[in-house]
There are 4 protein chains.
Amino acid sequence: MNDRTGRIDVGILGATGTVGQQFVRLLAAHPWFRASWLAASERSEGKRYSEAATWRLGGQAPADAAGAVVQACQPGRGPRLVFSALDASAAADVEPAFAKAGHVVVSNARSFRMQPDVPLLIPEINPEHLALITRQRRERGWAGAIVTNPNCATVVAAMVLGPLRTFGIRSVIVTTMQAVSGAGYPGVPSLDIVSNVIPRISGEEEKIESETQKILGSMTDGAVTPHAMVVSAHTNRVPVIDGHTETLSIGFDERPSPSAIRKALEEFRGRPQTLSLPSAPPQPIVCLDADDRPQPRLDVDLDHGMGVTVGRIRNCPVLHTKLVALGHNTIRGAAGAAVLNAELLASERIIEFD
Amino acid sequence: MNDRTGRIDVGILGATGTVGQQFVRLLAAHPWFRASWLAASERSEGKRYSEAATWRLGGQAPADAAGAVVQACQPGRGPRLVFSALDASAAADVEPAFAKAGHVVVSNARSFRMQPDVPLLIPEINPEHLALITRQRRERGWAGAIVTNPNCATVVAAMVLGPLRTFGIRSVIVTTMQAVSGAGYPGVPSLDIVSNVIPRISGEEEKIESETQKILGSMTDGAVTPHAMVVSAHTNRVPVIDGHTETLSIGFDERPSPSAIRKALEEFRGRPQTLSLPSAPPQPIVCLDADDRPQPRLDVDLDHGMGVTVGRIRNCPVLHTKLVALGHNTIRGAAGAAVLNAELLASERIIEFD
Amino acid sequence: MNDRTGRIDVGILGATGTVGQQFVRLLAAHPWFRASWLAASERSEGKRYSEAATWRLGGQAPADAAGAVVQACQPGRGPRLVFSALDASAAADVEPAFAKAGHVVVSNARSFRMQPDVPLLIPEINPEHLALITRQRRERGWAGAIVTNPNCATVVAAMVLGPLRTFGIRSVIVTTMQAVSGAGYPGVPSLDIVSNVIPRISGEEEKIESETQKILGSMTDGAVTPHAMVVSAHTNRVPVIDGHTETLSIGFDERPSPSAIRKALEEFRGRPQTLSLPSAPPQPIVCLDADDRPQPRLDVDLDHGMGVTVGRIRNCPVLHTKLVALGHNTIRGAAGAAVLNAELLASERIIEFD
Amino acid sequence: MNDRTGRIDVGILGATGTVGQQFVRLLAAHPWFRASWLAASERSEGKRYSEAATWRLGGQAPADAAGAVVQACQPGRGPRLVFSALDASAAADVEPAFAKAGHVVVSNARSFRMQPDVPLLIPEINPEHLALITRQRRERGWAGAIVTNPNCATVVAAMVLGPLRTFGIRSVIVTTMQAVSGAGYPGVPSLDIVSNVIPRISGEEEKIESETQKILGSMTDGAVTPHAMVVSAHTNRVPVIDGHTETLSIGFDERPSPSAIRKALEEFRGRPQTLSLPSAPPQPIVCLDADDRPQPRLDVDLDHGMGVTVGRIRNCPVLHTKLVALGHNTIRGAAGAAVLNAELLASERIIEFD
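All values derive from a computational prediction rather than experimental measurement.

With an omega of 5 degrees, the peptide bond between Tyr185(A) and Pro186(A) qualifies as cis. Structurally, Pro186(A) is set in the loop between strand S7 (169–177) and helix H7 (204–215). Despite not being glycine, Ser195(A) has its phi angle at roughly 55 degrees, a positive value. Inspection of the secondary structure puts Ser195(A) in the loop between S7 and H7. Since its relative accessible area comes to 12%, Ser195(A) is described here as buried. Non-glycine residue His304(B) carries a positive phi angle of around 55 degrees. Within the secondary structure, His304(B) sits in helix H11 (residues 302–305). Among the residues examined, His304(B) registers a relative accessible area of 72% and is labelled exposed.

This paragraph deals with the interface of chain B and chain A. Size of an interface: often given as the accessible area lost when the parts come together. Listed per partner, the contact involves 47 residues of chain B and 47 residues of chain A. Roughly 3600 Å² of surface becomes buried between chain B and chain A when both sides are summed, with 57% attributable to carbon and sulfur atoms. Of all residues in chain B, the largest losses of buried area upon contact with chain A belong to Pro199(B), Arg297(B) and Val318(B), amounting jointly to 16% of the total for that side. Counting across the chain B and chain A interface gives eight salt bridges. When the shortest N-O distance is used, the salt bridge between Glu205(B) and Arg314(A) registers 3.1 Å. Linking chain B to chain A there are 26 residue pairs in polar contact (both at pLDDT 80 or more). Its residues assigned to classes, the side of chain B that touches chain A shows 24 nonpolar, 12 polar and 11 charged.

We now examine helix H6 (residues 152–161) of chain C. Residue and element names in this part refer to chain C. Across the 10 residues of H6, 10 count as buried, placing the element largely inside the fold. Residues of H6 that are buried include every one of Cys-152, Ala-153, Thr-154, Val-155, Val-156, Ala-157, Ala-158, Met-159, Val-160 and Leu-161, and no others. A distance of 2.6 Å separates the backbone nitrogen of Ala-153 from a side-chain oxygen at the start of H6, and that oxygen is part of Asn-151.

What counts, and where the lines are drawn
Residues numbered from 1 in each chain as written. Chains lettered and ligands numbered in written order. Predicted model: local features only at pLDDT ≥ 70, side-chain atom pairs only at ≥ 80, totals over all residues. Heavy atoms only, no water. Helix = DSSP H or I, 4+ residues; strand = E, 2+ residues; numbered from the N terminus. Buried < 20%, exposed > 50% of the residue type's maximum accessible area, 1.4 Å probe, protein only. Contact = heavy atoms within 4.5 Å. Buried area = accessible area lost by both parts, 1.4 Å probe. Salt bridge = Lys/Arg side-chain N within 4 Å of Asp/Glu carboxyl O. Polar contact = N/O pair within 3.5 Å; in protein donor to acceptor, adjacent residues only side chain to side chain. Nonpolar A, V, L, I, M, F, W, Y, C, P; charged D, E, K, R; others polar.

Everything listed is a geometric property; what it means functionally is a separate question.
This is the structure we're talking about:
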């Protein structure tokens, strides 16, 4: 607990990269958490954050962060709760070391998402998966824990599919049109994307297909049974700054009408809404009336980037229903997702702070 | 027949618009046809083409066309073969009037595509549909005829599906990412598309779903029986100048392997290849090896924009096969398609020239 | 005065267009003004604003405005203070009729900017030009008045040049790279701007060259003597959504060093800052340290789009100084400029409200 | 000399990079030269070109090149004439080693451009600078030689200014809007340029300012005296694939009218035109009539990318004349420039082939 502000001290692993910068930005104004410990690779250690990180999010880095001295990613140092914006290769080693040393690691990396004892969490969809932490601690002998959020393209589909489980989802075909900010920095070369589409994002289709099954899976006997639906993904990169747009065709056991689908989406509320978590959008999924929406440029910032928008719910002649969905890939699909995860952890007293 | 060049005189209806300009450009260097008669709306009549048309295709209008005087769209005037680049509202009245007056109208407009006695032609896929002309002339009492080419998004899907009929196509889910040139000029406002995706193109999904069935349909007893496959389309506009990219998931009666699919696509040749028509690509469908191709910026100009490229043929866990395809929307999907249609008509002696 | 909120009722002429929408958006959260009267062309009269206006600014129209009924542009109706988002052709007739009928018209249109008795106002730079209103009323016999803000490209240059008058500005060469939102809607066709530059914006160079002279001019004997500096403009449209970037080379009587230039810009404060007007940025011109800034995507939203950013102040071997400047064209360059003008008018008691 | 084709064997240093690929593409269809020796870094040595180089120019690599085995950059190996697409750090060592070993190195790198004994050549503008080779060989004791072409942004300005020397150029202020292909691959990150402008290109302004003076300089006593004009450059990166657009304001000793300027530009022909060199555009500078041209998307491919287009010639109120110019940065500004240089060398018998 930080005495002056009453906010809980938290750390950021990989604070200088693009996802790390999103954490810094989101936490600068957070009512519960205070990013008091910014850690990064050895190259940055000891520098002021403003020197170590080339700020790419618009405007300037928040003043508090800008003046902070960057720390080494040393387990045992830093606050109990750390957000991880590490890339997968670093996360594979660093995150377990932190968990072992007693830290609760709320991670955006892909490294542990599909481990059977690690929650792959969307607080609105599968908060009960947090129960995996008990098993994780027992089996691994960790004082801390690792909790993950999904891939940025997965989260849009999974948010939409979650409330539709009631109709018996059998199959999903999803085509993504993903923003360049999802690839980090430097990420996609401009020669590859100005007036162009790249019809593949390495590894992304597998993640969407498997992560969605796990997220929508049921918790039984301390384990997650993946949802039986079959998911097929086509991923594409398009010349858009922020916002992943996804077209979905969905097959159901029942044959819900478009209006039944819309009702289910709009009336859906999850634990974050019940608990009024600070980063929770009041309505997780907003259905738009205009027949050419959602559009990334117009709709991606809904509820500070934490809302998912849906449009064009209609019958699919091949499966049953088709629609288009949109979410903010670096907020709802990355840093904002992790912050919401941490809010749920704190609210559910899964992590205790001093 | 034009004496000096040995080329056949042809006309263009709607010669000043963007599709009309593509006709002018393609015919300027055509070995068989000479665009000697450029017709447009009253507003342009009597002006030099260079004044009536703001040339938008790069460089300058071909010198011959630039100096020509624009004519009124008057049936009976002009050559026997006329290409129609009219928009649908004008085409609905003007094209039948020309057909009645004895012209063979090779049209890019949507107005008559789905009429049961009008060929909706892709020369590689359904050349036998030209037999509809006999019925058309008999039933309508026309000395001329109307022959149409598909919508620019349909043609990419239909070119890919045609050679796969042999495996028994049952269902297709296609998501398009369409270039702005497909919307003509002024077309899509830049505020709607810079760093954005528009998840709907008015009327386009219905066209893809029904036109594809007609094109792949069989000719029996002088009528086309649409193909029984079910097609479901999601259409999107993306910030790309030229080239419609489409992801397809396809369900088959048989379960062809990806390599069988590839073989069928690559070995496919149609009438235009057999006849060596001037605009025919040597190989209608080219499969690319790189796992991030085709891309519009790199692949759209293959074979002067008349080739269709395919990539990423792989199993679809929901249907059977998934892949990505690309075609040039204003060439293979509009003016080039019509020119190839006319070449087939001339070659098959369905139109006779003096 | 609106009793319930304590805010002053104001009207918007041309409320349904893109600049009109910016007024609606900015005034929805304004502490002094309440847009209670939304007027537009006959086509929109009587409709709900949400039906009459296709909202293009992201998200949805503010709820209050969305439900309002659109009024006719009828002089004498509506509040005393009206903002004009009319285009120039409509403004030429409508604005004087409103001024005659007693309204104070705070206009974004170009129609009256260069009239000798009409203030062309940037509150930080030439607040004393408001004295023209006395002459305007006397000569024209108006109970109301017209006050204008500059062209969106002018305002960026004039904001930068204003604080530099002290060094004796002799000549300015400015090249603009202007965003597509500056052209309204539908505005620039996407075919003209995706992966392209258009090296001319009709009428814009003349406006920059003459408006800048008037704005920096001195007020003597009730008239504005234009500044003697010579301005030469090259205007270009580039594929950017929001933000006009401008490179300037400036010749001075004195030869201020880059650091003297920077000091003058950073220390500059105007009447809006002294008066703490609600829309005033705390520091009108912010100089950035990074050698590749300002950039529209990163810097355009500084101080809610009301700040101007400057970078790369250095010696120009031909004139004396060169630099790059950036401003938000639809906020500081249009609706926000007019709102700040109205705040100055209200604060200086040039308009009295009941 | 290559026996079979009658073409001269030439080599390419750095053949796998983006400029190297342009060389491969241009030489595949060259009537005089045959790229029979493709060299690159050790990493690529021994691989097939198709494996070593990820082809980024559209379509596929030419078949001859695709199958070739990449060689090490070993001086003394390979043909007498080698094109260098090396980056500056490699060029600094490798190019002199090749020149010493007897190769004529026609280089696109910046390393030796400003050396007093190295021609910085635009064949239309300063072919007489080739006389520097004699001095270069004498002073450096080289059997071969190094000849360079200008920076891609310099060449557009220098091509326009060359024919205007007759009016006595005193000063030039140029603002560039440069394409992303000028930065190579991966080059500019897409996050930095989608819907954005970057107002600085590192080192580019200095090159434009000094290279232009050398190119327009006069040859006296075996040395180049730089032109006395003063040049001031503002460089910007914009979201355009190919084509550098530049606005120029020019001050003259005489005060030529816009029509005199246009006449001088249009009537200008240089040595490449007199000699009918294969890559020479028939008219080096083409002035366009439309008041919104040149535009990169429409005009950059004029004469296979070797022509420079100019528009909007008008009076500049600060200097004398202003205009906008456009050239293809990877062709006229890089590989095509070097090929034209080599054609001049061959034609003037400065290099002898066996």
